[in-house]
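Chains, contacts and geometry: an overview
One letter stands for each residue in the lines below.
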4 protein chains.
Amino acid sequence: MISAAVLPAPGQRIEVRSFDRPRLEQGAVLLKTLGSEVCGTDTHLAKGQLAGVPYPIIPGHVSVGMVDEIGVGAGGAPVLDVDGEPIAAGQVVTFLDVYGNCGRCWYCTVGHATTRCPSRKVYGVTLSADDGLLGGWSEFIYLRPEVHIIPLPAELQWRAFLSAGCGMPTALHAVTLAEVDFGDTDVIQGAGPVGLSAAVLAQLRGAGQVVMVGGPEVRLAAAKRFGADVVIDIARTTEDDRLSAVRDLTRGRGADITIEATGVPSAVPEGMRLTRDAGRYIVVGQYTNVGDTSFNPHLDLNQKHLEIRGCWGSDVGHLYRSVHVMAKYAKQFRWTDLISGEYDLAHAQDALDDVAAQRVVKALIVP
Amino acid sequence: MISAAVLPAPGQRIEVRSFDRPRLEQGAVLLKTLGSEVCGTDTHLAKGQLAGVPYPIIPGHVSVGMVDEIGVGAGGAPVLDVDGEPIAAGQVVTFLDVYGNCGRCWYCTVGHATTRCPSRKVYGVTLSADDGLLGGWSEFIYLRPEVHIIPLPAELQWRAFLSAGCGMPTALHAVTLAEVDFGDTDVIQGAGPVGLSAAVLAQLRGAGQVVMVGGPEVRLAAAKRFGADVVIDIARTTEDDRLSAVRDLTRGRGADITIEATGVPSAVPEGMRLTRDAGRYIVVGQYTNVGDTSFNPHLDLNQKHLEIRGCWGSDVGHLYRSVHVMAKYAKQFRWTDLISGEYDLAHAQDALDDVAAQRVVKALIVP
Amino acid sequence: MISAAVLPAPGQRIEVRSFDRPRLEQGAVLLKTLGSEVCGTDTHLAKGQLAGVPYPIIPGHVSVGMVDEIGVGAGGAPVLDVDGEPIAAGQVVTFLDVYGNCGRCWYCTVGHATTRCPSRKVYGVTLSADDGLLGGWSEFIYLRPEVHIIPLPAELQWRAFLSAGCGMPTALHAVTLAEVDFGDTDVIQGAGPVGLSAAVLAQLRGAGQVVMVGGPEVRLAAAKRFGADVVIDIARTTEDDRLSAVRDLTRGRGADITIEATGVPSAVPEGMRLTRDAGRYIVVGQYTNVGDTSFNPHLDLNQKHLEIRGCWGSDVGHLYRSVHVMAKYAKQFRWTDLISGEYDLAHAQDALDDVAAQRVVKALIVP
Amino acid sequence: MISAAVLPAPGQRIEVRSFDRPRLEQGAVLLKTLGSEVCGTDTHLAKGQLAGVPYPIIPGHVSVGMVDEIGVGAGGAPVLDVDGEPIAAGQVVTFLDVYGNCGRCWYCTVGHATTRCPSRKVYGVTLSADDGLLGGWSEFIYLRPEVHIIPLPAELQWRAFLSAGCGMPTALHAVTLAEVDFGDTDVIQGAGPVGLSAAVLAQLRGAGQVVMVGGPEVRLAAAKRFGADVVIDIARTTEDDRLSAVRDLTRGRGADITIEATGVPSAVPEGMRLTRDAGRYIVVGQYTNVGDTSFNPHLDLNQKHLEIRGCWGSDVGHLYRSVHVMAKYAKQFRWTDLISGEYDLAHAQDALDDVAAQRVVKALIVP
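Figured I'd write up the structure that's included with this text.

So, how was this worked out
Residues numbered from 1 in each chain as written. Chains lettered and ligands numbered in written order. Predicted model: local features only at pLDDT ≥ 70, side-chain atom pairs only at ≥ 80, totals over all residues. Heavy atoms only, no water. Core = buried A, V, L, I, M, F, W, Y, C linked by side-chain atoms within 4.5 Å. Buried < 20%, exposed > 50% of the residue type's maximum accessible area, 1.4 Å probe, protein only. Contact = heavy atoms within 4.5 Å. Pairing = 2+ DSSP bridges. Helix = DSSP H or I, 4+ residues; strand = E, 2+ residues; numbered from the N terminus. Expected span 1.5 Å × (residues − 1). Polar contact = N/O pair within 3.5 Å; in protein donor to acceptor, adjacent residues only side chain to side chain. Least-squares fit on C-alpha atoms with pLDDT ≥ 70 in both. Phe/Tyr/Trp six-rings, centres within 6.5 Å; stacked < 30°, edge-to-face > 60°. Lys NZ or Arg CZ within 6 Å of the ring centre and 35° of its normal. Salt bridge = Lys/Arg side-chain N within 4 Å of Asp/Glu carboxyl O. Axes fitted to C-alpha atoms, helices over the stretch in contact; angles between N-to-C directions.

We now examine the nonpolar core. Counting residues in each nonpolar core, the largest one holds 233 residues, and the members touching the most others are A:W137, A:F161, A:I259, D:W137, D:F161 and D:I259. Apart from residues lying up to four places away in sequence, D:F161 is in contact with D:V62, D:V64, D:T94, D:L152, D:L156, D:L319, D:V323 and D:M326. Grouped together as the second largest cluster of nonpolar side chains are 231 residues, B:A46, B:W137, B:A199 and B:A348 included.

With that settled, consider the pairing of strand β5 (residues 92–95) of chain C. All names here are of chain C. Pairing of strand β4 (residues 63–70) with β5, which is carried by three bridges, proceeds in the antiparallel orientation. Opposite V64, over in β5, you have T94 as the bridge partner. Note: β5 against strand β9 (residues 149–151), three bridges, orientation antiparallel. Following the sheet pairing, V93 is matched in β9 by P151.

What follows deals with helix α10 (residues 316–328) of chain A. With 13 residues, α10(A) should cover 18 Å at 1.5 Å per step; its first-to-last C-alpha distance of 19 Å lies within 8% of that length. The backbone nitrogen of A:G317 has a side-chain oxygen 2.9 Å away, supplied by the residue at the start of α10(A), namely A:D315.

For the rest of this paragraph, the subject is the relation of the copies chain B and chain A. For the pair of chain copies, the relating transformation is a rotation about an axis with a translation along it. Rotating chain B by 180 degrees and translating it 0.0 Å along the rotation axis places it on chain A, where the RMSD comes to 0.0 Å. The transformation relating the two chain copies, once decomposed into turn and shift, fits a two-fold axis. Every residue of chain B has its C-alpha some distance from the rotation axis, and the shortest such distance is that of B:S294, at 1.9 Å. Both copies present the same face, since 100% of the interface residues in chain B are matched by interface residues at the equivalent positions in chain A.

Our next topic: the packing of aromatic side chains. Counted by the stated rule, this structure contains 22 aromatic pairs over all chains. Taken together, the aromatic side chains of A:F95, A:Y99 and A:Y123 make up a single cluster linked through ring pairs. Its guanidinium or amino end placed over the ring of C:F140, C:K32 lies 5.4 Å from that ring's centre, counting from NZ or CZ.

This part covers the interface of chain A and chain D. At the interface, 29 residues of chain A touch 29 residues of chain D. Here A:D83 makes a salt bridge to D:R253, at a shortest N to O gap of 2.9 Å. Where chain A meets chain D, there are 26 residue pairs in polar contact (both at pLDDT 80 or more). At the level of secondary structure, the elements contributing two or more residues to the side of chain A that touches chain D comprise α4 (167–178), α5 (193–203) and α10 of chain A.

This paragraph deals with the sheet that holds strand β12 (residues 230–233) of chain B. The strand order across the open sheet built from 12 strands is β12(A)-β11(A)-β10(A)-β13(A)-β14(A)-β16(A)-β16(B)-β14(B)-β13(B)-β10(B)-β11(B)-β12(B), with neighbouring strands paired in mixed fashion. For this open sheet the edge positions go to β12 (230–233) of chain A together with β12 of chain B, each flanked by a neighbour on one side alone. Averaged over neighbouring strand pairs, the angle between their axes works out to 15 degrees when direction is ignored. Two strands pair when backbone bridges link them, and strand β10 (residues 185–189) of chain B and strand β13 (residues 255–260) of chain B are joined in this way by four bridges, in the parallel orientation.

As C-alpha cells, this is what we get:
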C-alpha cells in the first residue's frame with residue numbers, strides 16, 4: 001500500500017490515506033517521491049479559495065522523484081523526456097505539474113499563449129485523489145503519459161532544485177517577461193519563494209541593483225544572502241518611504257523594472273509608482289481574487305509611458321530552463337539555504353500552517 | 001505686422017494680436033501658415049488643466065506652412081529636413097511640435113525613451129507668445145533651428161495631412177506599440193481624432209476586425225466611413241452590453257488588441273476586460289489627470305496574462321511615418337472627410353468651443 | 001470510386017487513379033474538394049528535389065473543400081475547428097497541410113519553434129497515396145483527426161482564398177517576421193505567389209512604398225495591379241542597376257525591409273545590399289538546395305548592423321490569420337486576379353508544366 | 001607640457017610628442033589619464049586598414065581619467081554626467097569614445113539606429129592629433145563639450161573597468177541583441193576581449209552552458225577562469241570537429257545562441273552551422289573588410305529558420321550599462337585577470353606589437 005497526504009475538502013485538515021499501487025498504462029511513469037514542495041497555492045487550496053478543485057486532492061505540484069516503473073507495453077516505444085532521451089528506471093526527475101495542453105484550441109495554435117489553454121490539468125490542484133496518485137505529497141506519484149518529464153542534471157541535487165519549488169519557474173517566467181537590461185535597477189515586491197527566486201534571476205540577467213521590498217525579517221535576511229543589494233521592510237515603512245528610498249537609489253528616476261510577487265492588491269499601484277517613466281512592471285503575484293484596488297490612469301500609467309505585464313503560470317520551457325539555470329549556478333547560489341523546514345506526510349498539516357504563517361521561507365514534504 | 005490668435009490666460013477668451021515680423025537666426029525657418037489644428041489639448045489649455053504653460057501662448061501644435069524665409073547666415077550651411085535634404089523657399093512642410101530633446105540626459109542616451117526627455121519644448125503648449133510666433137494659430141510660424149522639418153510629398157495635400165492633426169502621430173505611436181498581428185480583432189475606445197486615426201491604422205496593420213466603442217453619432221458615422229466593421233455607441237449601452245458585444249464578435253475570447261483614446265479613467269478597467277487573455281491594451285488617451293479608477297489585479301491583469309502599455313507623446317519618427325503613410329494611402333482613405341470645420345483667426349474661440357462640445361470631428365484654423 | 005491525380009515517382013508524369021471511398025475513423029473529416037493549388041514545391045516534387053517523399057503521392061497541400069462526412073462514432077464528441085466550433089456537413093473549409101506537431105519534443109515545448117517539430121507531416125508532400133486521399137489533387141480529401149480545420153468566412157469565396165495558395169500563409173509568416181514599421185520602404189525580391197502576397201501584406205502593414213524586384217512581365221503587371229509602387233524587371237537590369245534604383249527611392253539609404261522570395265541563392269547577398277543600415281532582411285524563398293553563394297561579412301552584415309531572418313514553413317496561426325485577412329480586405333484586393341489558370345485532374349500535368357515555365361501566376365486544380 | 005603617444009601615419013612607429021596644455025572651452029573637461037586600452041582596432045589603425053582616419057592621431061578610445069579641470073565660463077552651467085549630476089574635480093570617470101550624434105538625421109530621429117549616425121566622431125580613431133588631445137594614449141585627454149561622461153562607482157577600480165576595454169561595451173551590445181534565454185547554450189567564437197566579455201555576459205544573462213571556440217591557449221585558459229564550461233581550441237580542431245562537439249553538448253540541436261567575435265570571414269558560415277534551428281547568431285567581430293565567404297542559403301539560413309544580427313558599435317547606454325554591470329559583479333568576476341600587460345607611453349609600440357601577436361589578453365597604456 002502507498003501512503004499519501006490528502007486534503008479532503010476546504011477547511012478540513014490534511015489526513016494520510018492508503019492507496020493501491022497503480023497499474024501503469026502505456027507511456028505512464030511511476031515515481032518514488034523524493035520530495036515535494038508546499039507553496040502559497042496550497043494554503044489557498046486548504047481554504048477553498050480556488051475554483052474548480054475536485055476535492056479530495058493530494059496536494060503538491062512541483063516534486064522530484066526517482067523513476068520506479070515505466071509503462072511500456074509489448075513492443076511499446078520508450079517513454080521520452082523533453083530532450084527526446086528515453087527515461088530509465090532509477091533516474092531522478094521532475095515534471096511539469098501542468099499537462100494536457102490540447103494543441104488544438106485557438107490559444108494553443110493561433111494565440112501561442114501557452115499558459116491559457118483551457119484543457120490544462122494541474123497535478124496537486126485540478127486532479128482528484130479519487131483518480132489516483134496525482135499530487136506530490138505521496139510516497140509515489142503517477143505520471144500520466146502526457147506529462148512532460150525533465151531529468152535533473154548530476155550537478156543539481158534534488159533538494160537544491162526543490163528549494164524554491166514552483167517559485168523558480170514562476171519567477172523565471174516573470175523575469176523573462178521583464179526583459180531586464182544589463183545594469184538595470186530591479187525592484188522585487190514580495191520576499192516569498194517567487195520574489196526570492198526573482199531576486200536571484202534578476203542577477204542572472206545582469207541587473208545592476210536588486211532591491212527587495214517585503215518581509216518578514218527572516219525572508220529579508222534570505223534576500224540579502226541571495227544577493228539583494230538593498231532590502232526594505234514593509235512593516236517598518238510607509239508607501240511614501242519606499243517610493244523615496246527607490247528614487248534615492250536611482251537618481252530620482254525609479255526602478256527600471258519592478259516585479260510584483262505579493263498577492264496583495266494595493267501592491268500593484270505602489271509598484272506602478274516605484275517604476276520609472278518608460279519602465280516595465282510585471283505582476284505575477286495576484287494568483288487569487290482578494291479584491292480591487294485603485295490607481296490614477298494619467299499619472300501612474302499613461303504619462304509614465306509605463307508597460308505592465310500580467311504573468312500567468314509557467315510552461316514546459318520555464319521548468320526546463322529553471323532546471324538548467326539552477327544546475328549551472330549551483331556553486332554561486334546555495335539554493336538549499338531557502339529551505340527552512342522538511343516535514344513527513346504525517347506532518348503535512350504543520351507544513352501548511354507554517355507556510356500560511358510565513359514562519360518558513362520554503363517547506364518541503366519528504367515522504 | 002503679423003496676426004496671431006493668443007490665449008492670454010486660463011479661462012480667458014482667445015484674442016487676435018499683432019506681432020512684428022521676426023528676424024531669423026541662423027538655421028531658423030519662417031513658415032507662412034497654411035493651416036493648424038484645434039485639438040483636445042487646446043481645450044485643456046484654455047481651462048488651465050496643464051502644468052507649466054507660460055501664458056500668454058499662441059496655440060496650435062500640429063501645423064502646415066509654406067517656407068517663407070530661411071535663416072542662412074553668411075557662408076551658412078543650408079537648413080536640412082529630416083531626410084537630410086535642403087529646405088527651399090516655397091516648400092510645403094510640417095514640423096514636429098516637440099523639439100529640444102537634449103541628446104545628453106539619461107532618457108535620451110540610456111533609456112532611449114524618446115518622449116520622456118525633460119528638456120522637450122512644445123510649440124503651442126510650452127512656449128510663450130512673449131517669445132515669438134511659437135504656435136500654429138498665426139499667419140506665420142517661427143521655427144527655431146532645432147525644430148525637425150518634414151516636407152509633405154506631392155500626393156498629400158496639406159488639408160489631408162491636417163485632417164487628423166496630432167491625432168495621427170499619436171495614434172501611430174499607439175498602434176505601433178500595439179503590435180497588431182494580421183487578422184486580429186482590434187477594439188478602439190474613443191471616436192475622436194486619435195481613435196479614428198487608430199481605427200484606420202489598425203486596418204493598415206492588417207487587423208481582421210475593427211470595433212469602435214465611442215460616440216457621439218457624428219463620430220461613429222465617421223468611424224464606419226473609415227472602415228470600422230462594428231461601432232458601439234457608449235450612450236446607448238452599458239459596460240456589460242459592450243463586453244457581451246465584443247465577446248460575441250470574438251468567439252467569446254475578447255479583443256486581441258484594445259486601444260484606449262477616451263480620456264475617461266473608467267474606460268481603462270473596461271478596456272482591460274474587453275481584451276482577451278494574453279492580449280494587449282494600449283492606453284494613450286489619459287492625457288490629463290481627471291481622477292482615479294479601480295480594477296481587480298487578479299481578474300483583470302494577472303490571470304488574464306494581460307499586457308498594458310501606456311503611450312506618451314510622439315517623436316520625429318512618428319510624425320515622419322504619419323506623413324508617409326497618409327501620402328501612400330490617400331486614395332484609399334479620404335482623409336479630408338475628418339474635417340468638419342475651418343475657422344479663421346478671428347473665429348478661433350468658436351473653433352475651441354465646437355471642439356469642446358464635440359460638435360466637430362476635427363477643426364482647423366486657417367489664418 | 002474517387003479519382004485523384006497521382007505523382008508515381010520523380011521524373012514521371014502525373015496520372016489519374018481511382019480510390020475507394022474511405023471509412024472514417026473517429027475525428028476524421030472527408031472533404032469534397034472544391035479546389036487545390038499548384039505551387040513551386042510541386043514542381044520540385046515532380047523532379048525529386050525534396051528528401052523524404054514517400055512516392056507515389058497525391059500532390060496539393062493548400063486546398064478548400066466542402067465537408068462531406070464527419071467521423072463521429074457512437075457518443076463521440078463533435079469535431080471542432082480552430083475556433084472551437086463544431087464542424088458541420090456542408091461547410092466550406094480549408095485546413096493546414098501540416099499536422100502532427102507532437103507537443104512533446106524540445107522544439108514544441110521549450111524552443112516554441114512551431115515549424116521545426118520533427119514529427120510534422122504535410123498533406124501532398126510527406127504522405128503517401130498508398131495511405132489514402134492525403135493530398136488536394138483529388139475529388140475527396142481525407143482529413144485525419146489531428147488536422148487543423150478552418151472554415152472560410154462567408155465573405156471569402158473559395159477561389160479568392162486559393163488565389164495565392166500556400167503563398168499567402170508563407171508570406172504572412174515572412175511579413176510578420178519582417179516587423180514592418182509604418183511608412184517603411186519594403187523591397188520584395190521575386191514576383192511569384194509568395195512575393196505577390198508579400199507585396200499585398202506589406203501594404204496591410206502600412207508600408208510607405210512597395211518595390212517589387214522580379215519577373216517575368218505578367219507577374220510584374222500583377223504586382224502593379226496589387227499596389228506595388230515600383231516594379232524592377234530583373235531581366236532588364238543588372239544588380240548595380242537595382243541597387244541604384246532602390247537607393248534613389250530611399251534618399252540613398254536602401255530598403256527598410258527586404259523580403260526574399262526567389263529561390264535563387266545569388267538573390268540573398270543582393271538582398272543584403274538592397275537593405276539599409278540597421279534594416280531587416282527576411283529570407284523565405286530558399287526552399288530547396290540549389291547551391292552556395294558568397295557575401296562580405298564586414299560590408300554586407302556587420303558594419304550594416306543588418307538583421308537577417310530565415311523563415312521556414314507556416315503554422316496554424318499563419319493560415320488562420322491569412323483566412324481572416326483575405327476576408328476583411330477582399331473588397332480592396334481582387335484576389336482572384338492572381339489566378340491565371342484552372343485545370344481538372346486530367347490536366348494536372350499541364351498545370352505543373354505551366355507553373356514550372358512561369359506561364360501563370362497561380363494555377364488551380366479544380367477536380 | 002603634456003606627453004602623448006602619436007601614430008604619425010599608417011605603417012610608421014608610435015612616437016611620443018609634446019603638447020601644450022589646452023585652454024578649455026565652456027563645457028569641456030580635461031582628464032588626467034589613469035589608463036587607456038590597446039585594442040584590435042589600434043592594430044588596424046597602425047596598418048592603415050580603416051578609412052577616413054586623419055593621421056597623425058593619438059590612439060586610445062576607451063580610457064579612464066581623473067577630472068583635472070572643468071571648462072565652466074562666467075555664470076556657466078555645471079558640466080553634467082549621463083545621470084545629470086555635476087562633474088567635480090578629482091572624480092574618476094570614463095567617457096564614450098564616440099560623440100557627436102547629430103540628433104537630427106534620419107538615423108538619429110526616425111531609424112533610432114544609434115550607432116549609424118554619419119556625424120559620429122570617435123576619440124582615438126577619427127580625430128586628429130593636430131586638433132588636440134583627442135585620444136587616450138596621453139597624459140591628459142581633452143573632452144569636448146558634447147562628450148558623454150560616466151563616473152566610475154566606488155566599487156569599480158579603474159583597472160577593473162579597463163580590463164576588457166572596448167570589448168565590454170561591444171560585447172554588451174552583442175549579448176543584448178542576442179536575447180539569451182535562461183538556460184541557453186551559448187557558443188562564443190573568438191577568445192579576445194570581445195569574446196571573453198561575451199562569455200561573462202552570457203552568464204549574466206543566465207546561460208545554461210557557455211562554450212568558447214577560439215585560441216590561443218592563454219586566452220582559452222582565461223575563458224575557463226571566467227566561467228566557460230567548455231573551450232574548443234581552433235588550432236587543434238577542424239570545422240567538423242567543432243560542429244560535432246557543439247551538437248554533442250546540445251542533444252544534437254546546436255547552440256541556442258552563437259556570438260561571432262573573430263574577425264575571420266569563414267567563421268561566419270561556421271557559426272551559422274553551429275547554431276540550432278530557430279536559433280540566433282550575432283556577428284560582431286567583422287570590423288574590417290578582409291574578404292568574402294560563402295554559405296548555403298537553403299541549408300544554413302532558410303530551412304534553419306535562423307536569425308542573424310550584425311552588431312555595429314556601441315552607444316552611451318552600452319557603456320553606461322557596462323560600468324554598472326562591472327561594478328555590481330566585481331566580486332564574482334576578477335576583471336583585472338584579463339590584463340596581461342601594462343605599458344607607459346614610451347612603450348606604446350610594444351603594446352601594439354604584443355596585441356597584434358596575441359601575446360596578451362588585454363594591454364593597457366598607463367601614462
